Each structure stands twice: as structure tokens, then as C-alpha cells.
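Residues per chain are reported as follows:
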Amino acid sequence: MEGTNQPGGTRRRWGRSAAVLAAGLLVGGVLVGSLSASAASSSSSKSSGSSSASSSSSDTRSPSAPMVKHGPGETLLTGTTAQKVRAAALDAVPGGTIIRVETDSNGSPYEAHVRKSDGSEVTVKVNESFKVTDIEAHDAPSAPSA
């Protein structure tokens with residue numbers, strides 16, 4: 001066994017492998033982070049429509065919900081208030097899906113935008129006691145011309 005340097009050579013190989021692995025993880029992490037940031041900035045710039053549109057870092061939409069702008073003076077709800085408004089709206093529209101919940105700049109303190117099971121959309125107005133005060137139907141989207 002004279003002349004062989006197995007233990008030291010094995011350590012060196014493991015050291016090199018670990019260094020290559022660490023570098024790969026670092027580069028991969030940077031790449032994923034930059035791609036995610038690029039995608040987020042790309043989707044927000046497509047949906048903003050104007051330079052004065054405000055955005056909120058607390059997004060209460062479901063992951064599959066489309067990016068929707070809310071009215072002036074309205075902000076997305078979070079936390080317990082959002083949960084209570086959601087619950088009130090879903091009680092009023094059984095089988096519905098919440099699109100977003102937000103403050104209301106026209107009448108009620110809160111509103112929930114809901115997609116009904118038939119695909120139509122309504123706005124459910126909710127008061128400060130979390131009771132539904134009104135359900136406003138939206139115009140149906142126009143059918144594409146043949």
C-alpha cells in the first residue's frame with residue numbers, strides 16, 4: 001500500500017464535489033429568483049394599464065383568479081376582516097367562488113366579488129356587522145361574434 005494516497009485523494013474529491021454542488025445550488029437559486037421576479041414584474045406591468053395604478057403586496061385572490069383592478073379608494077382586505085366578509089358573501093351566494101374582497105368606496109364598508117356557479121359574477125355588499133346588505137349583478141360578458 002505504499003505509494004497510494006487513497007484517504008487524502010478521497011477527501012479532495014469529496015471537497016471538489018461539494019464545492020461544485022454548492023456553486024450549482026447558488027447559481028440555481030439566483031436564476032430561479034431572477035426568473036420569479038421577472039415574471040412577477042411582467043404580469044403586473046401587463047395588468048396595471050396605467051402608471052398611476054396602485055398595487056397591494058397582500059393579495060387575497062385565489063391563485064387561479066385573474067388579475068383584476070379594484071376601484072379608486074378601495075383596498076384588498078386581509079386577515080379576520082377578509083375571512084368574515086368571505087363567509088358572509090358565500091352564505092349569500094351558495095356555491096360561489098370568491099374573486100376578491102375589498103373595501104367599498106361607494107356605500108358599504110366592504111364588498112366581495114363573487115363568481116356564481118353558473119359563471120356570472122356579482123358584487124356582495126357587506127356592512128360593518130358583516131351582514132349582507134345588497135347583491136349587485138354584473139352585466140354578462142358579451143359573446144364572441146361568429
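To be clear, the structure that these remarks concern was listed above.
The structure contained in this document is the topic of the report that follows. (Residues numbered from 1 in each chain as written. Predicted model: local features only at pLDDT ≥ 70, side-chain atom pairs only at ≥ 80, totals over all residues. Heavy atoms only, no water.)

1. Concerning the nonpolar core
A general trend in soluble globular proteins is that nonpolar side chains are found buried together.
Then, number 1: In terms of nonpolar packing, the biggest core is built from 14 residues, with Val 85, Val 101, Ala 112, Val 114 and Val 124 touching the most fellow members.
Then, number 2: At the level of elements, helix H2 (79–92), strand E1 (97–103), strand E2 (110–115) and strand E3 (121–126) are the ones that each hand at least two residues to this core.
Then, number 3: It is H2 that provides the largest number of residues to this core, a total of four residues.
Then, number 4: Ignoring anything within four residues of it in the chain, the contact list for Ala 112 reads Val 85, Ala 89, Ile 98, Arg 100, Val 101, Val 122, Thr 123 and Val 124. (Core = buried A, V, L, I, M, F, W, Y, C linked by side-chain atoms within 4.5 Å. Buried < 20%, exposed > 50% of the residue type's maximum accessible area, 1.4 Å probe, protein only. Helix = DSSP H or I, 4+ residues; strand = E, 2+ residues; numbered from the N terminus. Contact = heavy atoms within 4.5 Å.)

2. A word on the sheet that holds E2
Then, number 1: Spatial strand order, E1-E2-E3-E4: four strands in an open sheet with antiparallel pairing. The sheet is open, and its two edges are formed by E1 and strand E4 (132–137), each paired on a single side. Strand-to-strand twist in this sheet, taken as the mean axis angle between neighbours without regard to direction, amounts to 20°.
Then, number 2: Two strands pair when backbone bridges link them, and E2 and E3 are joined in this way by six bridges, in the antiparallel orientation. Note on E3: the bridge partner recorded for His 113 is Thr 123.
Then, number 3: Here H2 sits on the sheet and contacts E1, E2, E3 and E4; the angle it forms with E1, its principal contact strand, is near 130°. (Pairing = 2+ DSSP bridges. Axes fitted to C-alpha atoms, helices over the stretch in contact; angles between N-to-C directions.)

3. Re the side chain of Glu 74
Then, number 1: Structurally, Glu 74 can be placed in the loop between helix H1 (6–48) and H2.
Then, number 2: This buried residue, Glu 74, is left without a salt bridge; Arg 100 holds the nearest opposite charge, at 5.6 Å.
Then, number 3: Beyond its immediate chain neighbours, meaning those up to four positions away, Glu 74 contacts Glu 102, Thr 103, Asp 104, Ser 105 and Glu 111. (Lys, Arg positive; Asp, Glu negative; His and termini not counted. Salt bridge = Lys/Arg side-chain N within 4 Å of Asp/Glu carboxyl O.)

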